[in-house]
Amino acid sequence: MRLLAALALVLTLIGSGTAANAASGCECTTPSIDRYQQWLASGEGTTVPATGSLLVRSGHQYTAKVTFLNDEWHVVVLWLGNQFEARADLSGSAGFWMTYSATDDLYVQLRPASHWSGGDKWLTLVPSTHGRVVRKFFPLRDWTWLPELGKPAYSFAEALGEARGLVFVGKTPNRIEFRGLRIDRYEPPCL
């Protein structure tokens, strides 16, 4: 009898989408890319869109698209836990696979909760794909910083332990599209 009740509960959850979202690798019920729901234009630098979500429907899935205009710093944000207050411990992660296209080079910063604001962050190069969609692995080691933005006042290990988001920054005009992001040993919760 208990088995039948448990089976009925699972079928109910699947019908409502809750169990499907809890299953590894399933998308969220609201727009997302690999369960990441918060791809945001920050309003820093001239971008299209200027603010708000970058997510747009592409067939049966979503992509995140942004265009950087002008020769100035641009900032787009991905909240790792799908909300600003969330933190992710990436200290056990080898890195992440990202599927993307970019017409010029840009950088990705790892921003910890305790040092969210400012440009003085640990970062790594996201190379131009010349507009082609590629899948590339970004190891979570040997990240650096840019003298123009300042040296971080905390270690990279500290940033990994309390990661709030990945922030994509660039100083040149660029057309960028994100199609996938899989972080080793981390999966975001759906909201």
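Look above for the structure.
So, a few notes on the structure that sits alongside this text. These numbers were taken from a predicted model, which means no experiment stands behind them.

Calculation rules
Residues numbered from 1 in each chain as written. Predicted model: local features only at pLDDT ≥ 70, side-chain atom pairs only at ≥ 80, totals over all residues. Heavy atoms only, no water. Salt bridge = Lys/Arg side-chain N within 4 Å of Asp/Glu carboxyl O. Helix = DSSP H or I, 4+ residues; strand = E, 2+ residues; numbered from the N terminus. Buried < 20%, exposed > 50% of the residue type's maximum accessible area, 1.4 Å probe, protein only. Disulfide = S-S within 2.5 Å. Contact = heavy atoms within 4.5 Å. Pairing = 2+ DSSP bridges. Axes fitted to C-alpha atoms, helices over the stretch in contact; angles between N-to-C directions.

Enumeration according to the criterion identifies 7 salt bridges in this entry. Glu 162 serves as the salt-bridge partner of Arg 87, at 3.9 Å between the closest nitrogen and oxygen. Of this pair, Arg 87 sits in the loop between strand 6 (74-79) and strand 7 (95-102) while Glu 162 sits in the loop between helix 3 (156-161) and strand 11 (163-170), placing them 75 residues apart in sequence. A relative accessible area of 53% places Arg 87 in the exposed class. Between Asp 142 and Arg 141 there is a salt bridge, with the nearest N and O atoms lying 3.3 Å from each other.

Here the structure, examined in full by the defined rule, presents 1 disulfide. Paired by a disulfide, Cys 28 and Cys 190 hold their sulfur atoms 2.0 Å apart. Taking the torsion about the S-S bond as the criterion, the Cys 28 to Cys 190 disulfide, at about -85°, is left-handed. Taken together, the positions of Cys 28 in the loop between helix 2 (18-22) and strand 1 (39-42) and Cys 190 in the segment after strand 12 (174-183) put the pair 162 residues apart, joining distant regions of the chain. Classification of Cys 28 as buried rests on a relative accessible area of 9%.

With respect to the element layout, Ala 88 can be found in the loop between strand 6 and strand 7. On the accessibility criterion, Ala 88 (2% relative accessible area) is buried. For the pair Ala 88 and Glu 162, spaced 74 residues apart in the sequence, the C-alpha separation amounts to 5.8 Å. Among residues more than four places away in sequence, those in contact with Ala 88 are Leu 80, Leu 160, Gly 161, Glu 162, Ala 163 and Tyr 186.

Turning next to the sheet that holds strand 8 (residues 106-112). Pairing is antiparallel across the open sheet formed by 6 strands, whose spatial order is 3-1-6-11-8-9. Two strands close off the open sheet at either side, each with one partner strand: strand 3 (51-53) and strand 9 (122-126). Each neighbouring strand pair of the sheet contributes to a mean axis angle of 20°, computed without reference to strand direction. Bridging between strand 1 and strand 3 involves 3 bridges; their strand directions are antiparallel.

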